[in-house]
Amino acid sequence: MPKVNILKKLGSLVMFASTVAILVCTAATLSKSYSFRPFLLSDTSSCNYETLSPNHHHRTNQTQIKQTVQIIIHKIHQQLHHMKENSRDEESEHASFLADILGLIGSVNSSLSVNSGQILQETPSNLLEPSEYFLTEEIRKYVKTKPNRLKKPNFMGTNGTSTSIGQACFSMRKLLEDYMDYDVGDICEDDWKLAQQLMVNGCDPLPRRRCFARAPQFYTKPLPVNESMWGPLNDKNVRWSQYRCKNFTCLVSNATTSKKGFSKCADCFDLTGHEYPRWVEPVYQDPNSNTTSDFTITEVLDLKPGEIRIGLDFSVGTGTFAARMKEKNVTIVSVAINLGAPFSEVIALRGLIPIYLTINQRLPFFDNTLDLIHTTRFLDGWIDFVTLDFVLYDWDRVLRPGGILWVDSFFCLKEDLSDYLDVFKMLRYRKHMWVVVPKSDKSDDREVFFSAVLEKPARPF
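Residues numbered from 1 in each chain as written. Predicted model: local features only at pLDDT ≥ 70, side-chain atom pairs only at ≥ 80, totals over all residues. Heavy atoms only, no water.

## Structural notes on the confidence of the model for the chain
Heads up, the rule is: Per-residue confidence from the prediction method is given by pLDDT, with values spanning 0 to 100. Under the scheme used here, helices are H or I runs from DSSP no shorter than 4 residues and strands are E runs no shorter than 2 residues, and both carry numbers assigned from the N terminus. Working rule for contacts: check all heavy atoms of both residues, and any pair within 4.5 Å makes them a contact.
When pLDDT is averaged across the chain, the result is 80; 72% of the residues are at 70 or more. Considering each helix and strand of the chain separately, the mean pLDDT is smallest for strand β1 (residues 34-36), with a value of 37, and largest for strand β5 (residues 310-314), with 98. Within the model, the stretch residues 1-9 combines pLDDT values under 50 with 17 contacts to residues more than four positions away or in other chains. Here residues 23-52 is modelled with pLDDT under 50, and outside its nearest four sequence neighbours on either side it reaches 46 contacts, counting other chains as well.

What follows is the structure, encoded as structure tokens:
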């Protein structure tokens, strides 16, 4: 980069910093609607700050911002002088310099805040403390950091409890405040569907609530463990108010999707029919090539005899994969969200473990702990490559060295197959089983199934 270009850019930065100084100082002097909060103060100073007068707040913060902007201008002039005398490593110097300046300007930007008299709806959320953004008292109490009572770090080494919510909660404030609008100690509204709407749209994790969850009115005790996996499901053990179907007979019937209210895994509630042979024998077979994308549990477990003990099923279903693995003395936790039907309730009624989790959330397992992750009919051709990338890296995180990733009947358009396969190959796992089969359950032949059993490498370093 020629030296003259650098000097021109730095000259522009001087003008920019001067403009920042003028605008910030003018706003601090003339505006009565804005105050400037010193986010960079220490915890002790922040506590003392709360006891000072508003005029003192205004003068102190105005002075701090002026000082920060003056530092910016000084650093620009200092670096400009240096670069005039020494032209070596110009590009590196320039990049480092810009990073330093941007950090300082960022500190000025983050110190802007709106006082309590400003209308919250007109305030950018990133200028407010989380508790100040919401109007409902319960959500304000929830997100505010709660200090330890003994005024010292707890056994986890923290000075307080910082509860969290998903970032999308701020853009869904009205829905979240409806969810958190209840009487403390009373029965919650039957609003799990509202909670799920928040979760699947990124408001995940949701805040805890201080009300009692509703239960089915005539709940009966579940079947014994030796009968529950394949036994009849009791209608009384589900709250049906938020579903189109009001009983299991409707869910098992050949009713249309519009009547059932869901399409994914439409036959999954037929435990003794559609579900019973799954993972015991191939269910789908391409009639032309006589090949299948279905691997059996026995085939997969025989790859690592005695090594597969615990795992996760990240799929849409009613727990049949976990049931078949339980018969092989393997414990599987099943991810489930209730997309139009009581998937979570059915998994639990079968004596299995559901975990209510969306694709938006990091898996709640520690690194290198699971023997197996299985997924089917969930992460398919609808998912974008960046999201899939993040999901697969998170799965890699929780799989132990030598653990198995079982991709079961992933389907996508033929023209997208190569790109999706490249994402899975990125993991650099050992291929035990790998097959691509035409998906012929529709009138056209535009889609394919992809299945694979992959082993995570040791990666000792």
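## Digging into the state of the cysteines
Just so we agree on the cut-off: Cysteine sulfurs are considered disulfide-paired once they come within 2.5 Å of each other. Residue exposure (1.4 Å probe, protein chains only): buried if accessible area is under 20% of the type maximum, exposed if over 50%, otherwise partly exposed.
For the structure shown, the criterion picks out four disulfides. Shown here is the disulfide that connects C245 with C250, its sulfur atoms set 1.9 Å apart. Where C245 bonds to C250 through sulfur, the torsion about that S-S bond is close to -55°, and the disulfide is left-handed. Judged by its relative accessible area of 1%, C245 is buried. Shown here for the chain is a disulfide pattern of 1-3, 2-4, 5-6, 7-8, where each number marks a bonded cysteine counted in sequence order.

## Points about a negative patch on the surface
As a reminder of what qualifies: Exposure above 30% relative accessible area and the lack of any salt bridge qualify a residue for a patch; like charges then connect within 9 Å, and the nonpolar side chains Val, Leu, Ile, Met, Phe, Trp and Tyr within 5 Å. Surface accessibility in these figures is a Shrake-Rupley result with a 1.4 Å probe; residues are shielded only by whichever protein chains are displayed. Salt bridges are defined by distance alone: a side-chain nitrogen of Lys or Arg within 4 Å of a carboxyl oxygen of Asp or Glu. For the charge count, each Lys or Arg is scored as positive and each Asp or Glu as negative, with His and the chain ends excluded. For charged residues, the charge sits on one atom: NZ in Lys, CZ in Arg, CG in Asp, CD in Glu.
A grouping of D181, D183, D186 and E189 is seen on the molecular surface, where their side chains present a negatively charged patch. The topology assignment puts D183 in the loop between α7 (173-179) and α8 (192-200).

## What about the packing of aromatic side chains?
Stated formally: Under the pairing criterion, centres of Phe, Tyr and Trp rings, with the six-membered ring standing for Trp, must be within 6.5 Å; the plane angle then separates stacked pairs below 30 degrees from edge-to-face pairs above 60, leaving the rest tilted. The rule is short: NZ of Lys or CZ of Arg within 6 Å of the ring centre and within 35 degrees of the ring normal puts a charge over the ring.
In the structure shown here, the tally under the stated rule is 19 aromatic pairs. Geometrically, the ring pair formed by F411 and F449 is edge-to-face, given 6.2 Å between the ring centres and 90° between the ring planes. You can see F411 sitting in strand β9 (residues 399-413) and its partner F449 sitting in strand β11 (residues 447-455), a full 38 residues away along the chain. We note that F411, like F449, is buried. The residue whose ring lies beneath K431 is W434, and the NZ or CZ to ring-centre distance is 4.1 Å.

## Quick word on the sheet that holds strand β10 (residues 430-438)
Here is the rule we go by: Pairing between strands is defined by DSSP: at least two bridges between the two strands are required. To obtain an axis, a line is fitted to C-alpha atoms, over the contacting stretch when the element is a helix, and the angle between two such axes runs from 0 to 180 degrees between their N-to-C directions.
Taken in spatial order, the seven strands make up an open sheet running β7-β6-β5-β8-β9-β11-β10, and their pairing is mixed. A strand with exactly one partner marks an edge of an open sheet, and here the two such strands are β7 (353-356) and β10. Strand-to-strand twist in this sheet, taken as the mean axis angle between neighbours without regard to direction, amounts to 15°. Pairing of β9 with β11 involves eight bridges; the strand directions are antiparallel. Paired with C412 across the two strands is V448, which belongs to β11. With respect to the sheet, helix α15 (residues 385-398) is in contact with β5, β8 (370-376) and β9, its orientation differing from that of β9 by roughly 150°.

## Section: the packing of α15 against helix α16 (residues 414-425)
The relative placement of two packed helices is expressed as an angle between their axes plus a distance between the axes. Quick reminder of the rule: To sort the angles, those under 35 degrees are grouped as roughly parallel, those over 145 as roughly antiparallel, those from 65 to 115 as roughly perpendicular, and the leftovers as oblique. Rotating anticlockwise by less than a right angle from the far helix to the near helix defines a left-handed crossing, while the corresponding clockwise rotation defines a right-handed one. Classification used: nonpolar for Ala, Val, Leu, Ile, Met, Phe, Trp, Tyr, Cys and Pro, charged for Asp, Glu, Lys and Arg, polar for all others including Gly.
It is the contact of α15 with α16, at a shortest axis distance of 10 Å, that shows an interaxial angle of 25°. Overall, the two elements α15 and α16 adopt an arrangement that is roughly parallel. As for how α15 packs across α16, the hand of that crossing is right-handed. Counted together, F385, L388, D389 and L392 of α15 and D419, Y420, V423 and F424 of α16 form the full contact between these two elements. Taken together, the residues of the contact of α15 with α16 sort by class into six nonpolar, no polar and two charged.

## Notes on the pattern of salt bridges
Enumeration over the complete set of coordinates arrives at 19 salt bridges. The residue D371 makes a salt bridge to R309 at a minimum N-O spacing of 2.9 Å. Of this pair, D371 sits in strand β8 while R309 sits in the loop between α12 (297-301) and β5; the two residues are 62 residues apart in sequence, bridging distant segments of the chain. With a closest N to O distance of 3.7 Å, E455 and R430 form a salt bridge. Residue E455 is found in strand β11, and its partner R430 is found in strand β10; the two are separated by 25 residues along the sequence.

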